[in-house]
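# Architecture and fold: a report
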Amino acid sequence: MTSPASSSDVTTSVHVSALDGLVNVNSLFTIAVFVGLSIATPGQHSLELRSSCDASADVAKKLLVFEVVSFSFFLFSSLVAQGLKLALNLLNSKDVDEIFRAHINIKVLRWGMMASAVGSVMGCLFLMLSMVNVIQIRLGLLSCGSESSAQAVATLVTLVSSALLVYISTAIYAFWQ
């Protein structure tokens, strides 16, 4: 007869699943970073018909800087999450059938998960900034009044900010529970 799973067993399982999800999402965002890097070619003309709306080399430089910083935050977040998963697995019960049971300091786990979440949020913010520069390179500078660029940036900032607000709220709620 098997005994019912204890609260710490279920909690550890949930933590491992959450860390897996965080690493997977960070991987998708990292792909977006490399797509953005491939767009940063000097001398590219925008789709706006006015040459005054073409982005300068400074915009391409900012794009590269934001992409590198974004990648760094996503890598930080993923490495922290992978480290926590490794700790959970190494501290695991010696019984192979009990793969989700581990004894780990819950404060360390919570702070590590929060650090990983902060890394993901910062990565998203810098990815959003780099996407603004991609939009300016492809659709025209915001400063020249490109309507397409303004609409794209407004949509990007609204949706990403809303999603980050939900993510941050739930992460803080989960942290204090």
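Residues numbered from 1 in each chain as written. Predicted model: local features only at pLDDT ≥ 70, side-chain atom pairs only at ≥ 80, totals over all residues. Heavy atoms only, no water.

### Points about the nonpolar core
Basically, it comes down to this: What makes a nonpolar core is a set of buried Ala, Val, Leu, Ile, Met, Phe, Trp, Tyr and Cys residues whose side-chain atoms join them at distances within 4.5 Å. Residue exposure (1.4 Å probe, protein chains only): buried if accessible area is under 20% of the type maximum, exposed if over 50%, otherwise partly exposed. Strands here are runs of E lasting at least two residues and helices are runs of H or I lasting at least four, both read from the DSSP assignment and numbered beginning at the N terminus. The contact criterion used is simple: two residues touch if any of their non-hydrogen atoms lie within 4.5 Å.
Counting nine residues, the largest nonpolar core is built from C53, A55, V59, A60, L63, V134, I137, L141 and C144. Looking at this core, the elements that each hand over two or more residues are helix 2 (57-90) and helix 3 (106-139). Aside from chain neighbours lying at most four places away, what touches L141 is S52, C53, D54, A55, V59, Q136 and S146.

### A few points about helix 3
Applicable threshold: The span expected for a helix works out to 1.5 Å for each residue beyond the first.
For helix 3, with 34 residues, the first-to-last C-alpha span of 48 Å sits near the 50 Å given by 1.5 Å per residue. Positive backbone phi, at 120°, marks G140, one or two positions downstream of helix 3.

### Thoughts on the confidence of the model for the protein
Stated formally: Across the chain, each position has a pLDDT score giving the predictor's confidence in that residue, from 0 to 100.
Looking at the protein, the pLDDT average stands at 78 and 69% of residues meet or exceed 70. Across the protein, helix 4 (residues 147-176) holds the top mean pLDDT of 90, while helix 1 (residues 7-39) sits lowest at 64. Across residues 1-10, where pLDDT falls below 50, the model places three contacts with residues more than four positions away in sequence or in other chains.

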